[in-house]
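Examining the three-dimensional arrangement
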Amino acid sequence: MALIRIEPKKDPASDLYYVEIFHPAESEQPFVTTEPRYKTAAAAENDIIAIIATRANNPPKGG
């Protein structure tokens, strides 16, 4: 069962992609929405995955 859902979307005004992250995965409204800053949907997905992986491997100290 998926806990989150990541959806890249294209912003027609800037012609760039942004990401919506849904938690729980079946939510209709996004939990997080990034600014449109990616040139491709794949770049948007890869960056979000890298951010999550980096954070998981380097948790905050004292937390």
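That block above? That's the structure.
Reading the values: rules and limits
- Residues numbered from 1 in each chain as written.
- Predicted model: local features only at pLDDT ≥ 70, side-chain atom pairs only at ≥ 80, totals over all residues.
- Heavy atoms only, no water.
- Helix = DSSP H or I, 4+ residues; strand = E, 2+ residues; numbered from the N terminus.
- Buried < 20%, exposed > 50% of the residue type's maximum accessible area, 1.4 Å probe, protein only.
- Phe/Tyr/Trp six-rings, centres within 6.5 Å; stacked < 30°, edge-to-face > 60°.
- Lys NZ or Arg CZ within 6 Å of the ring centre and 35° of its normal.

1. What to know about the overall build of the chain
- For the chain, the helix and strand inventory stands at 1 helix and 3 strands.
- Counting from the amino terminus, the chain carries its helices and strands in the arrangement β-β-β-α.
- Seen through its C-alpha atoms, the chain measures out along the principal axes to roughly 40 × 25 × 20 Å.
- Each of the 63 residues in the chain was classed as buried or not, and the buried ones make up 21%.

2. With respect to the packing of aromatic side chains
- Inspection of every chain in the model, using the stated rule, returns 0 aromatic pairs.
- Sitting above the plane of the phenylalanine 22 ring, arginine 5 keeps its charged end 3.9 Å from the centroid.

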